[in-house]
Amino acid sequence: MMKTIRKAVFPVAGLGTRFLPATKALPKEMLPVVDRPLIQHVVDEARGAGIEHFIFVTGRNKAVIEDHFDRQFELEVTLKERGKRGDLRSLSQDLPGPGTTSFTRQQLPLGLGHAVWCARELVGNEPFALLLPDVLVKHNPGCLAQMIAATRNLDGRANIIAVEETPLSRIHMYGVVGVGKPKGKAFSITGMVEKPAREAAPSNLTITGRYILQPDIFDVLEKQETGAGGEIQLTDAMIQLSKSQPFYGLKFDGRAYDCGSKIGFLAANIAYALDRDDIAPALLDEINTLLAKR
Ligand code: G1P
């Protein structure tokens, strides 16, 4: 049996250059999908999976993320004065409890593997979840909850990665896994490659930005050399670790939106808005009007 997954790491140090100028002064993780910042959606997913400690690897210009996960007394007083009880209640529900968030800085943009390594002291010696805030998975139960459920059939030293089918034309943008024997809802991973050319991809299953990793990954990352794009790649460290520990893939239920791309971000906004009774009818009217004019 695997130890309980109590801690989740959120790498939020990325520069967000694909969304300039919106991300010049605003962290990309604070861009809203409908009315919740991307990072709030991902923290919600982790809370829904039973995570108790939320570790953010931040960087320069990211201080508002820390502010977002704190109380805002002026706002609370004003809402109270105006009798906005519903807003007050949801603000407090959205907030992880006191002492359950930690923030550390990546200092230099050396890649995802390096960002994860920066969380080593805060994670300590236990398996942990890693959620990339660029990716939103729309499903209930959430992707991480499905992964944690899948660990119940796996041995205590297993690592597990959420994967999804991706068209070959986009495969070079992701990490790709090789598919081995099924194990419950998961399958054993036979190989991994970061951002392969289409011809070199071992399958059409890409790594979706949700991981459950053993703490041994930190020892590997410590020595990891730069890989694709001149960055310290998490995938390369996982390849190394897979020589001594099992890795499994899980094709989760639900649709992933890659909000690191403009189309994925816009699609997520529409999908999440169409799920809201207070927004969907008016939004559909707008969409139909726009489509009729094309
Ligand atoms: C990262 C990972 C990649 C994964 C992707 C998911 O890449 O390195 O394996 O498929 O996230 O979004 P990035 O998007 O940071 O280039």
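Structural data are supplied above this passage.
Residues numbered from 1 in each chain as written. Predicted model: local features only at pLDDT ≥ 70, side-chain atom pairs only at ≥ 80, totals over all residues. Heavy atoms only, no water.

### Notes on the overall build of the chain
Where we set the bar: Secondary structure is summarised from DSSP: a helix means a run of H or I of at least four residues, a strand means a run of E of at least two, and numbering begins at the N terminus for each. The globule rule used for comparison is 2.2 Å times the number of residues to the exponent 0.38, while the radius of gyration itself is calculated over C-alpha atoms. The classification of residues rests on relative accessible area computed with a 1.4 Å probe and restricted to protein chains. Under 20% of the type maximum is buried, over 50% is exposed, and intermediate values are partly exposed. Should any heavy atoms of two residues lie within 4.5 Å, those residues are counted as being in contact. Every accessible area reported is derived by Shrake-Rupley at a probe size of 1.4 Å, with residue values counting cover from the shown protein chains alone. Two residue types count as positive, namely Lys and Arg, and two as negative, namely Asp and Glu; His and chain ends fall outside the count. Charge coordinates come from a single atom per side chain, which is NZ of Lys, CZ of Arg, CG of Asp or CD of Glu.
A count of helical and extended segments in the chain gives 11 helices and 13 strands. In terms of overall dimensions, the chain is globule-like: its C-alpha atoms have a radius of gyration of 20 Å, near the 19 Å expected for 294 residues. Taking the principal axes of the C-alpha coordinates as reference, the chain spans close to 60 × 50 × 35 Å. A buried classification covers 48% of the 294 residues belonging to the chain. Relative to all contacts within the chain whose residues are 6 or more apart in sequence, the contacts with residues 24 or more apart total 76%. Summing over all exposed atoms, the chain offers an accessible surface of approximately 15300 Å²; the carbon and sulfur share of this is 52%. When the 36 positive and 34 negative side-chain charges of the chain are each reduced to one mean point, those points stand 2 Å apart.

### Some details on the site of the ligand
Convention followed: Proximity is defined per residue: any heavy atom of the residue falling within 4 Å of a molecule or strand makes that residue near it. Two N or O atoms count as a polar contact when they lie within 3.5 Å, although within protein this holds only if one can serve as hydrogen donor and the other as acceptor, and sequence-adjacent residues are included solely when both atoms are side-chain atoms. Each residue is assigned to one class: nonpolar for Ala, Val, Leu, Ile, Met, Phe, Trp, Tyr, Cys and Pro, charged for Asp, Glu, Lys and Arg, and polar for all the others, Gly among them.
The immediate surroundings of the ligand are formed by Leu112, Leu132, Val135, Tyr174, Gly175, Glu194, Lys195, Ile207, Tyr211, Gln233 and Thr235. One of the backbone nitrogen or oxygen atoms of Gly175 is found 3.0 Å away from an oxygen atom of the ligand. Residue classes in the shell around the ligand are distributed as six nonpolar, three polar and two charged.

### A word on the packing of helix α3 (residues 73-81) against helix α4 (residues 85-94)
When two helices pack together, their arrangement is given by the angle between their axes and by how far apart the axes lie. To keep things clear, this is the line we draw: Between N-to-C directions, angles span 0 to 180 degrees; the directions come from axes that are lines fitted to C-alpha atoms, helices contributing only their stretch in contact. Our angle categories are set so that under 35 degrees counts as roughly parallel, over 145 as roughly antiparallel, 65 to 115 as roughly perpendicular, and the remainder as oblique.
As a packed pair, α3 and α4 sit with axes 8 Å apart at the nearest point and diverge in direction by 150°. Our classification of the angle between α3 and α4 gives roughly antiparallel. Note on element contacts: α4 touches α3 through Asp87, Leu88 and Leu91, opposite Leu75, Glu76, Leu79 and Lys80. Considering only residue class, the contact of α3 with α4 consists of four nonpolar, no polar and three charged.

### As for helix α11 (residues 280-293)
Rules: Expected span, for any helix, means 1.5 Å times one less than how many residues it has.
Its 14 residues give α11 an end-to-end C-alpha distance of 20 Å, which sits within 8% of 20 Å, the value for a rise of 1.5 Å per residue. Burial of α11 is sparse: only one of the 14 residues sit out of reach of the surface.

### Some points on the pattern of salt bridges
Where we set the bar: Salt-bridge detection follows one rule: a side-chain nitrogen of Lys or Arg within 4 Å of a carboxyl oxygen of Asp or Glu.
One pass over the structure, following the stated rule, counts 14 salt bridges. Between Lys62 and Glu29 there is a salt bridge whose closest N-O contact spans 2.8 Å. Of the two residues, Lys62 sits in the loop between β4 (53-58) and α2 (63-68) while Glu29 sits in the loop between β1 (7-11) and β2 (32-33), which places them 33 residues apart along the sequence. With respect to class, Lys62 is no different from Glu29; both count as buried. Between Asp278 and Arg276 there is a salt bridge, and its shortest N-O distance comes to 3.0 Å. Classification of Asp278 by relative accessible area gives exposed; the value is 59%. Judged by relative accessible area, which is 25%, Arg276 ranks as partly exposed. Three or more residues joined by partner-sharing salt bridges are found here, namely Arg6, Lys7, Glu52 and Glu126.

### As for the packing of aromatic side chains
Cut-off, in case you're wondering: Pairing of aromatic side chains here covers Phe, Tyr and the six-membered ring of Trp, requires ring centres within 6.5 Å, and sorts the geometry by plane angle: under 30 degrees stacked, over 60 edge-to-face, intermediate tilted.
On inspection of all chains with the given rule, the structure shows seven aromatic pairs. The interplanar angle of 10° and the centroid separation of 4.9 Å between the aromatic rings of Phe56 and Phe103 together place this pair among those described as stacked. Within this pair, whereas Phe56 is found in strand β4, its partner Phe103 is found in strand β5 (residues 101-105), the two being separated by 47 residues in sequence. Since its relative accessible area comes to 23%, Phe103 is described here as partly exposed. Centroid distance Tyr257 to Tyr272: 6.4 Å. Interplanar angle 65°. Geometry classified as edge-to-face. With Tyr257 in strand β13 (residues 255-258) and Tyr272 in helix α10 (residues 262-274), this pair connects stretches of sequence that are 15 residues apart. In this structure, Tyr257 and Tyr272 share a single accessibility class: buried.

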